[in-house]
Each structure stands twice: as C-alpha cells, then as structure tokens.
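Summary of the model geometry
Here are the chains, one letter per residue:
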Amino acid sequence: MNKARVFFDTETTGLNAGEQEILSVGIVRIETDGTRRTFTTKVKPVRLEKAQSKALEMNAYTDEAWADAPIFADVADEIVGMLRG
C-alpha cells in the first residue's frame, strides 16, 4: 500500500524537551498522487524564561518577529492533521 510522505522540521528554544519549546514548524506532505501540501508557522513560546539564549540567537528570535505567532495549542490540530496517516 502506498502512503503519503511527510517531511517535518522544527526549531526549538533549546535541547531539553522537558523545558524548551517549539519556535517554528515546517511540514511538506506529498500524497500518493503527487499532490503537495505545506504548512509553516512560527510558534510563540509560553515559557520564554526557560529558553536557551543560543537557541534564540540561532533562530533570530525577537519579540517583534514572533508578536503575531500562535501558541502551540492553537496549531497542534493542524500539525497532527498534516502528519496523520
């Protein structure tokens, strides 16, 4: 059975999964018929005080650049939908 292929990339506020958060998500989904769907978004961290400064620097994080970014809970369903199957 053929299945869709999904390419998934994230950037985070650090490497400790228990403390750091996702800063951005990029997904490309290629269906079995070749149709491509993409999803990209910045994600506003809610525990910025736990972020590693080097990770923020590497991702060019600024409060202004992420001002309109959704929090993870607001995009989680869309991410799951892109990864399903």
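Scroll up to find the structure.
All of these numbers come straight from a predicted model, not from anything done at the bench.

About the thresholds
Residues numbered from 1 in each chain as written. Predicted model: local features only at pLDDT ≥ 70, side-chain atom pairs only at ≥ 80, totals over all residues. Heavy atoms only, no water. Helix = DSSP H or I, 4+ residues; strand = E, 2+ residues; numbered from the N terminus. Buried < 20%, exposed > 50% of the residue type's maximum accessible area, 1.4 Å probe, protein only. Core = buried A, V, L, I, M, F, W, Y, C linked by side-chain atoms within 4.5 Å. Contact = heavy atoms within 4.5 Å. Pairing = 2+ DSSP bridges. Patch = residues over 30% accessible without salt bridge, like charges linked within 9 Å, V, L, I, M, F, W, Y side chains within 5 Å. Areas by Shrake-Rupley, 256 points an atom, 1.4 Å probe, with all protein chains shown as cover. Salt bridge = Lys/Arg side-chain N within 4 Å of Asp/Glu carboxyl O.

1. Some points on the environment of Met-58
Residue position: Met-58 is located in helix H1 (residues 53–58). A residue is classified by how much of its surface remains accessible, and Met-58, at 66% relative accessible area, is exposed. Each C-alpha atom of the pair Met-58 and Ser-24 lies 12 Å from the other, and the pair is 34 residues apart in sequence.

2. Some thoughts on the nonpolar core
Val-25, Ile-27, Phe-39, Val-43, Val-75, Ile-79 and Met-82 together form the largest nonpolar core, which totals seven residues. Listed by contribution, the elements that provide at least two residues to this core are strand S2 (22–30) and helix H2 (72–83). Sorting elements by how many residues they give to this core places H2 first, with three residues. Residues in contact with Phe-39, not counting those within four places in the same chain, are Val-25, Gly-26, Ile-27, Val-75, Glu-78, Ile-79 and Met-82. The next biggest cluster of nonpolar side chains, apart from the first, holds six residues, and it includes Leu-56, Tyr-61, Trp-66 and Ala-69.

3. A closer look at the pairing of strand S3 (residues 36–42)
As defined by bridge partners, S2 adjoins S3 across seven bridges and the pair is classed as antiparallel. Paired with Gly-26 across the strands is Thr-40, a residue of S3. The hairpin formed by S2 and S3 contains five residues between the paired strands, and Gly-34 there has a positive phi angle of roughly 95°.

4. Describing a nonpolar patch on the surface
A cluster of nonpolar side chains, Val-6, Phe-8 and Leu-83, forms an exposed patch at the surface whose accessible area comes to about 240 Å². Turning to its location among the elements, Phe-8 is positioned in strand S1 (residues 5–12).

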